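# Coordinate inspection notes
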Amino acid sequence: MKILAIETSCDETAISIIDGQGEVDSPNFDVLSHLISSQAELHAKWGGVVPGLAKREHAKNIIPLLDQALVGSKLKKEQEYTLSENQKEELKELFIHEIDLAEKFIEYIESISPPEIDALAVTYGPGLEPALWVGINFTKALGKVWQKQVIAINHMEGHIVSPLLENTKKIEFPAIALLISGGHTEIVLMRNWFDYKIIGQTRDDAVGEAFDKVARLLGLPYPGGPQISLWAEKETDPFVDLPRPMINTPDYDFSFSGLKTAVFYAVKDKKLSDKEKAHIAKEFQEAVIEVLIKKTFKALEDFGAKSLVIGGGVIANKALQEKINIVQREKYQDLNIFLPENSVITDNATMIAIAAYLHLKSGKVKRREMIEASGNAKIDQE
Ligand code: KG4
Ligand code: ZN
């Protein structure tokens with residue numbers, strides 16, 4: 001089953017085409033195309049993602065990216081495909097706020113025949129609404145002209161299923177999913193497929209956001225996560241004592257803004273040497289890893305979970321991966337851990353396509369008359 005998915009929730013325009021086979025509990029996927037056009041450099045100047053700018057860049061990149069995806073997957077057939085005046089009017093209405101895009105879209109769509117795919121998928125939230133709308137309208141437009149079903153996918157569900165790309169083990173339930181990205185920090189209990197309950201979350205900053213803010217305090221560029229981990233690697237013995245916020249509270253919640261503030265005071269009015277920067281990066285990273293591990297393993301124990309799934313950009317952090325492996329070897333040998341492979345760790349559309357495949361395969365596609373962007377979409381309110 002071939003699925004073309006589009007993801008525009010933040011500062012990456014991503015399009016993937018996958019061919020999925022197998023049942024929900026043992027799927028496998030051929031990736032026919034996996035494209036990500038990152039705007040990170042553009043937003044770096046502002047120290048974070050600017051929604052209006054993200055929207056404009058998505059609109060600029062999305063047609064060339066679609067073309068590249070179709071060419072790469074050998075699904076592009078150049079052949080005149082004429083739209084009726086009515087269809088064109090409908091498309092212009094759909095792209096009412098991006099009239100330029102409407103014209104380019106019509107020109108492109110009339111130059112190729114509909115590709116042999118079974119369905120379309122798009123991220124509807126959470127994320128930046130102006131950015132999300134570009135992907136949603138674009139995918140809806142494709143659905144209209146190619147007469148394909150459009151499946152709306154929650155971005156966080158995409159991160160949860162991202163480890164399925166390469167894993168052949170079956171996820172056994174109950175499972176705990178740890179979601180750690182630039183916008184979210186959540187512990188989700190999964191009693192079964194698509195049965196999500198958020199049992200813990202951050203009360204202030206997301207963990208990736210904390211990495212980005214601390215990097216900024218240290219004068220390192222955006223996105224800060226990879227920078228902090230690079231600098232932390234230079235240091236073996238941290239000397240600043242940063243707090244481990246909420247590490248012993250009886251819930252599964254997190255708080256990272258106090259940690260950021262502690263770094264603020266540690267660096268305030270100081271000209272840091274490289275050695276000091278590395279110290280702080282290392283200590284910050286250690287503090288984050290300790291609380292993430294403590295709360296995650298507490299949840300695993302409390303709910304008798306058999307699997308741990310981790311998704312979101314922060315799991316790119318090698319020190320965190322290593323620490324999880326150590327804890328598992330020492331104490332939790334029976335636990336199955338599912339981590340995404342590198343290509344699907346940070347935002348991408350392959351994970352959105354995988355989620356759509358699982359929904360289709362299980363017959364659990366939500367019938368949405370209207371697909372709307374939802375900046376704060378929660379995974380357990382599906
Ligand atoms: O999942 P993602 O690509 O986008 C969101 O949905 O937010 O996550 C991006 C976040 C950024 O905050 C980035 O700094 C962080 O993931 N990140 C890392 C690392 N690589 C990316 N954080 C810590 N260590 C890393 N190696
Ligand atoms: Zn993400």
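Residues numbered from 1 in each chain as written. Chains lettered and ligands numbered in written order. Predicted model: local features only at pLDDT ≥ 70, side-chain atom pairs only at ≥ 80, totals over all residues. Heavy atoms only, no water.

### Some details on the sheet that holds strand E9 (residues 307-311)
Note the cut-off: Only strands joined by at least two bridges in the DSSP assignment are considered to pair. Labels follow the DSSP assignment, with helices taken as runs of H or I lasting at least four residues and strands as runs of E lasting at least two, numbered in each case from the N terminus. Lines are fitted to the C-alpha atoms to define the axes, a helix being fitted only along its stretch in contact, and any angle between axes, read from their N-to-C directions, falls within 0 to 180 degrees.
Taken together, five strands build an open sheet; the order of strands is E8-E7-E6-E9-E10 and the sheet is mixed. Sheet topology places strand E8 (195-201) and strand E10 (336-338) at the edges, where each strand pairs with a single neighbour. Mean inter-strand twist for the sheet, computed between neighbouring axes without regard to direction, equals 20°. Both strand E6 (residues 175-180) and strand E7 (residues 185-192) contribute to a ladder of six bridges, which runs antiparallel. Its bridge partner lying in E7, Leu-179 is registered against Glu-186.

### Describing the pattern of salt bridges
Two side chains with opposite charge may pair up if their charged atoms get near one another. Threshold: Salt bridges are identified by distance alone: a Lys or Arg side-chain nitrogen within 4 Å of an Asp or Glu carboxyl oxygen. Only protein chains enter the accessibility calculation, which uses a 1.4 Å probe. A residue is then buried if its area is under 20% of the maximum for its type, exposed if over 50%, and partly exposed in between.
Taken as a whole and assessed by the stated rule, the structure comprises 22 salt bridges. For Lys-170, the salt bridge is made with Asp-25, and the minimal N-O distance between the two is 3.7 Å. Of this pair, Lys-170 sits in the loop between helix H6 (155-161) and E6 while Asp-25 sits in the loop between strand E2 (12-21) and strand E3 (28-38), and the two are 145 residues apart along the sequence. A residue is classified by how much of its surface remains accessible, and Asp-25, at 37% relative accessible area, is partly exposed. For the salt bridge of Lys-282 with Glu-286, the shortest nitrogen-to-oxygen distance reads 4.0 Å. Remark: Glu-286 and Lys-282 occur in helix H10 (residues 274-302); sequence separation between them is four residues, near one turn of the helix.

### Description of the environment of His-97
Counting through the fold element by element, His-97 comes out in the loop between helix H3 (85-94) and helix H4 (99-109). On the basis of relative accessibility, which here comes to 68%, the residue His-97 falls in the exposed class. For the pair His-97 and Leu-217, spaced 120 residues apart in sequence, the C-alpha to C-alpha distance is 37 Å.

### Examining the packing of aromatic side chains
Put simply, the test is: Side-chain rings of Phe, Tyr and Trp, where Trp is taken by its six-membered ring, are said to pair if the distance between their centres is within 6.5 Å; with planes under 30 degrees apart they count as stacked, over 60 as edge-to-face, and otherwise as tilted. Note on criteria: charge over ring means Lys NZ or Arg CZ within 6 Å of the ring centre, with the direction from the centre no more than 35 degrees off the ring normal.
The final tally for this structure, using the stated rule, is 10 aromatic pairs. Aromatic pair Trp-193 and Phe-194: ring centres 6.1 Å apart, planes at 50°, arrangement tilted. Owing to a relative accessible area of 12%, Trp-193 belongs among the buried residues under this scheme. Consider the rings of Phe-254 and Phe-256, whose centres lie 5.8 Å apart with planes at 15°: the pair is stacked. In this pair, the class of Phe-254 matches that of Phe-256, namely buried. Here the guanidinium or amino end of Lys-169 rests over the ring plane of Phe-338, the centre of that ring lying 5.0 Å away. It is Lys-234 that lies over the ring of Trp-231; its NZ or CZ is 3.6 Å from the centre.

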